[in-house]
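If you want the building blocks of each chain, they are given just below.
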Amino acid sequence: MIPQDTVNRILDAAQIVDVVGDFVTLKKKGADYKACCPFHNEKTPSFYVSPSKGIYKCFGCGKSGTAVGFVMEHESMTFTEALKYLAKKYNIEVVEKEESAEEIANRQRHESLILVSEFAGKFFQDALQTTDGQVIAYQYFRSRGLTDETIQKYGLGWSPVSRKALSEAARAAGYKEEFLIDAGLSLKMDDGRLIDRFYDRVMFPIHSHLGRVIAFGGRTLAKPVPGKPYAKYKNSPETEIYVKSNSLYGIFFAKTEMSRKDNCILVEGYLDVLQMHQLGLKNVVASSGTSLTVGQIRLIRKFTNNVTIIYDGDSAGINAALKGVGLFLKEGMNVKVVLLPDGQDPDDFARKHTLTEVQDYIHQHEQDFIGFKTDVLLNEAGDDPLKRTRLINDIADTIALIPDAIARAVYIKTTASKFEIDEDLLVERISSVRMGMIEEEQKQKKLESRKPVKSSDEQAPAPEYFDYGMEYPDEMPPIDDIPMVPLGSDPIVSGPIIINAPEFAPCEHELLKFILEHGCTELMFDRDSKYYVEGETINVAEFIDATLAEDEHDFENLSYRKVYEEYFRMYDEGLSQQQIQTRLLNSQDQEIMEVAKELLIEKHSLTVANYEKSLTATSTLLIQFVPKALMIYQVKKLDKMISNLMGGLNSTPDLDAQVETLTKITDLTRTRTMLNKELGRV
Ligand SMILES: [Zn+2]
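About the thresholds
Residues numbered from 1 in each chain as written. Predicted model: local features only at pLDDT ≥ 70, side-chain atom pairs only at ≥ 80, totals over all residues. Heavy atoms only, no water. Donors = N, O, S within 2.8 Å, 3.2 Å for Na, K, Ca; no water. Tetrahedral: all angles 85-135°; square planar, octahedral: opposite > 155°, others 65-115°. Helix = DSSP H or I, 4+ residues; strand = E, 2+ residues; numbered from the N terminus. pLDDT = per-residue confidence, 0-100. Contact = heavy atoms within 4.5 Å. Axes fitted to C-alpha atoms, helices over the stretch in contact; angles between N-to-C directions. Parallel < 35°, antiparallel > 145°, perpendicular 65-115°, else oblique. Left-handed = near helix turned anticlockwise from the far one by under 90°. Nonpolar A, V, L, I, M, F, W, Y, C, P; charged D, E, K, R; others polar. Buried < 20%, exposed > 50% of the residue type's maximum accessible area, 1.4 Å probe, protein only. Pairing = 2+ DSSP bridges. Phe/Tyr/Trp six-rings, centres within 6.5 Å; stacked < 30°, edge-to-face > 60°. Lys NZ or Arg CZ within 6 Å of the ring centre and 35° of its normal. Salt bridge = Lys/Arg side-chain N within 4 Å of Asp/Glu carboxyl O. Polar contact = N/O pair within 3.5 Å; in protein donor to acceptor, adjacent residues only side chain to side chain.

For the zinc ion, the protein coordination sphere consists of C37 (SG), H40 (ND1), C58 (SG) and C61 (SG), at 2.1 to 2.3 Å. Coordination geometry of the zinc ion: the 4 donor atoms subtend angles of 103 to 119 degrees at the metal centre, consistent with an arrangement described as tetrahedral. All donors to the zinc ion come from one chain, and their sequence spacing reads C-x2-H-x17-C-x2-C. In this pair, H40 sits in the loop between β2 (32-35) and β3 (47-50) while C61 sits in the loop between β4 (55-58) and β5 (64-66), placing the two residues 21 residues apart along the sequence.

Here it is, written out as structure tokens:
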């Protein structure tokens, strides 16, 4: 635990160019620096570092963040580890805050469970060297074509036939019974004896994405005996260190290559992974037979958005392919499917072919999922009109899962032409399915927003709000052109950002962006402006805050309001704009960090070079657009207030109350008309 003031000192000291420059050769380009991206393979540089904003962004793979974020990403470190690394670099002494007794106990317990798992891993590896291990297990691995190097790298092993070998060895080495049981390695019998969960099996340790051993899969080589229970594979149970739905076999050995190739190959079993990796396809992981979970997909998405799933080409494989993929699409991933020749799994296929042959096969046979599904089903339906109708609806429902509007549009086009039908038919169906999904998710969001927001380490795709901020068009669009909901996407926001009032989201997004980017910039109003006050100056943040306070308007969207309040809390502490930005972007509150990232990084920030052309230009734009953005927001607020009052009008029979309400409505309408006039509309 690093105390907050030390964290702040580290954040203030870390210079992005300096930090990134330790890993990447940067070339100066204008105000920014450019390089080939360290996170994906490229020949022309699309990786930018902005010293003025203290951030990096890759326009190729989309990775972005601050200096701390860069170290975390590049070195696979946690937030605290990255801070310590930077503290060392900048000679900042870190005196760690004392943990509470409970924190210490939890951390130690977690570490103890991992340590005992790693002990077991070593024990199984050593057992592989015994006579039995050699004859039974090692022979098996070799017969499957695995090399010594692969066996070593993945820590494959053997659990001896005796039912207590591991438990006894671990106890003798000083490991507590409690941890052996809780790590899923030992079982306690009624008579108090401790026995091993795994015995007489070849062992596949399962590593976390940080490379620690957290669980095992064991395969028996014995033949089934009639009348006796038989499990070919046995896996560790769910434990505190092994959450199945968040783990993938092989992730630790695949992650670097997954980022570099910007692709993940997904197979089913341990041997599929080992064989493909050994052949040279290192970006490969397995779901280990269970059906995929959102947690696993998000683990993949940490490293890439593209997945190639390889299935056995038989009908079971095809059915599996048709079933499992919806979840990927829903998470916004690009999915390709490869069917292997009938009856072969990736293990067989990799053993029988060279690397080039396998690569060529994948390349020639990979099909985007929607196309794959269409072809398979079209083949089944033939010319039967009823079946075809059902099929078209089925495909439309699948397309509806895709969050990205542009991707959906592309699929609609290709699907319509495949079926020779009108695009509108698909669009209609897809819209109605999506409306249903949105309503459902909004309901969920509402329920969740009542609970405290749990932080998660997932990256939320930034919603594509209407955004005129950075490009500053000459004219503001007329009010009606500002969409009520974010353009291009729907008012569902995934990840920790809560958009509970989508009709206000674009405006609040815009105002918050002005504050976060230009909060401390002075608004230099002309003498003839109605905002001009002789001898007084006001900056963007205060101007917006004062205007909203006067009308008693709070931001309606909870995440935006939270960041707004956090901004002014730090502003009142006297922090500079740059410091506030850094703190927000590095906030340990996931919600705050995501909003800051969305507003400060995800959008054009670095692309629009002319944006920081000169202070005068920015200032001229600000005095024009900040008041306009506020007026548009006020109009929206007035719309809502007026319609609420109208609603109340019919519900009260009291004449006096009605007159009072009508007067209010008239006042508000007058204000609204005035604002509209000022916005250039009558
Ligand atoms: Zn990149």
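Below, the discussion takes up the confidence of the model for the protein chain. Scored by pLDDT, the protein chain comes out at a mean of 82, with 89% of its residues at no less than 70. Here helix α13 (residues 315-324) stands out as the least confident element of the protein chain, with mean pLDDT 72; strand β6 (residues 157-159) is the most confident, with 97. This stretch, residues 451-494, has a pLDDT under 50; its non-local contacts, to residues over four places away or in other chains, come to 103 contacts. The low-confidence segment residues 603-615 (pLDDT under 50) makes 28 contacts with residues lying over four places distant or belonging to another chain.

Bringing the packing of helix α22 (residues 540-550) against helix α23 (residues 558-572) into the picture now. α23 packs onto α22 with a crossing angle of 120 degrees between their chain directions and a minimal axis gap of 12 Å. Considered as vectors, α22 and α23 are oriented oblique to each other. Handedness of the crossing formed by α22 with α23: left-handed. Contact with α22, carried on its side by A541, E542, I544, D545 and L548, involves Y564, Y567, F568 and Y571 of α23 and no other residues of that element. Of the residues in the contact of α22 with α23, the class split is 7 nonpolar, no polar and 2 charged.

Below, the discussion takes up unusual backbone geometry. Not every positive phi belongs to a glycine, and D262 is a case in point at roughly 50 degrees. Inspection of the secondary structure puts D262 in the loop between α10 (251-261) and β12 (264-267). Residue classification places D262 among the partly exposed positions, given a relative accessible area of 26%. Although it is not a glycine, E552 sits at a positive phi angle of roughly 55 degrees. With respect to the helices, strands and loops of the structure, E552 is situated in the loop between α22 and α23.

What follows is about the pairing of β3. Of the two faces of β3, the one lined by F47 and V49 and the one lined by Y48 and S50 are each fully buried. Pairing between β2 and β3: 3 bridges, direction antiparallel. Note on β3: the bridge partner recorded for K34 is Y48. Across 4 bridges, β3 lies against β4 in antiparallel orientation. Counterpart to Y48 in the pairing with β4 is K57. Between the end of β3 and the start of β4, which pair antiparallel, lie 4 residues, with G54 showing a positive phi angle near 70 degrees.

A separate point is helix α24 (residues 577-585). Burial within α24 is extensive, with 7 of its 9 residues counted as buried. Every buried residue of α24 is accounted for by Q577, I580, Q581, T582, R583, L584 and L585.

Moving on: the packing of aromatic side chains. Scanning the model with the defined rule gives 33 aromatic pairs in all. Put simply, the rings of Y140, F141, Y154, F204, Y233, Y249, F252, F253 and Y270 pair up and form one aromatic cluster. Looking at K57, its charged tip hangs above the ring of F59, at a distance of 5.4 Å from the centre. Its end group placed over the ring of F504, K637 keeps NZ or CZ at 5.1 Å from the ring centre.

Enumeration according to the criterion identifies 30 salt bridges in this entry. Across the pair K63 and E73 runs a salt bridge whose closest N-O atoms are separated by 3.5 Å. Here K63 is found in the loop between β4 and β5, whereas its partner E73 is found in helix α3 (residues 67-75), with 10 residues between them in sequence. Its relative accessible area of 12% is what places K63 among the buried residues. Here E111 and R212 are joined by a salt bridge, their closest N and O atoms 2.9 Å apart. Of this pair, E111 sits in helix α5 (residues 101-127) while R212 is found in the loop between β9 (201-207) and β10 (213-220), placing the two residues 101 residues apart along the sequence. By relative accessible area, R212 is classed as partly exposed at 24%. Taken together, the shared-partner salt bridges in this structure form one network comprising R109, E178, D182 and E240.

Looking at the element boundaries, R301 is found in helix α12 (residues 294-301). A polar contact is formed between the side chain of R301 and the backbone oxygen of E331, at a distance of 2.8 Å.

The alternating pattern of β2 places D32 and K34 on one face and Y33 and A35 on the opposite face, and all of these are buried. Here strand β1 (residues 27-29) runs beside β2; their pairing, made up of 3 bridges, is antiparallel. Bridge assignment links K28 to a residue of β2, and that residue is Y33. With antiparallel pairing between neighbouring strands as the criterion, β1 and β2 make up a hairpin whose turn holds 2 residues, including G30 at a positive phi of roughly 60 degrees.

All of the buried residues along helix α1 (residues 4-13) are T6, V7, N8, I10 and L11. Those residues of α1 that are buried are in contact with α3, α4 (79-89) and α24.

We now examine the sheet that holds β9. As summarised here, the arrangement of the 4 strands in space is β6-β9-β10-β11, forming an open sheet in which the pairing is antiparallel. Either end of the sheet is taken by a strand with one partner, and the two such strands are β6 and β11 (233-235). On average, each strand axis in the sheet is inclined to that of its neighbour by 35 degrees, with strand direction left out of account. Inspection of the sheet shows β6 paired to β9 by 3 bridges, in the antiparallel sense. Pairing of G157 across the sheet is with M203, part of β9. The sheet strands contacting helix α6 (residues 131-143) are β6, β9 and β10, and the helix crosses β6 at an angle near 130 degrees. Across the sheet, helix α11 (residues 270-279) lies against β9, β10 and β11, angled at about 75 degrees from β9, the strand it touches most.

Moving on, we get to the sheet that holds β3. Pairing is antiparallel in the open sheet, where 5 strands are placed in the order β1-β2-β3-β4-β5. The two strands at the open ends of the sheet, each matched to only one other strand, are β1 and β5. Pairs of neighbouring strands in the sheet enclose a mean axial angle of 25 degrees, with direction left out of account. Contacting β3, β4 and β5, α3 runs over the sheet at an angle of about 120 degrees to β5.

Summarising the element assignment, N334 is placed in strand β15 (residues 334-339). Expressed as a C-alpha distance, the spacing of N334 and N263, which sit 71 residues apart in the sequence, is 9.5 Å. Residue contacts for N334: discarding those within four places in its chain leaves N305, N306 and V307. Among the polar contacts made by the side chain of N334, one reaches the side chain of N306 at a distance of 2.7 Å.

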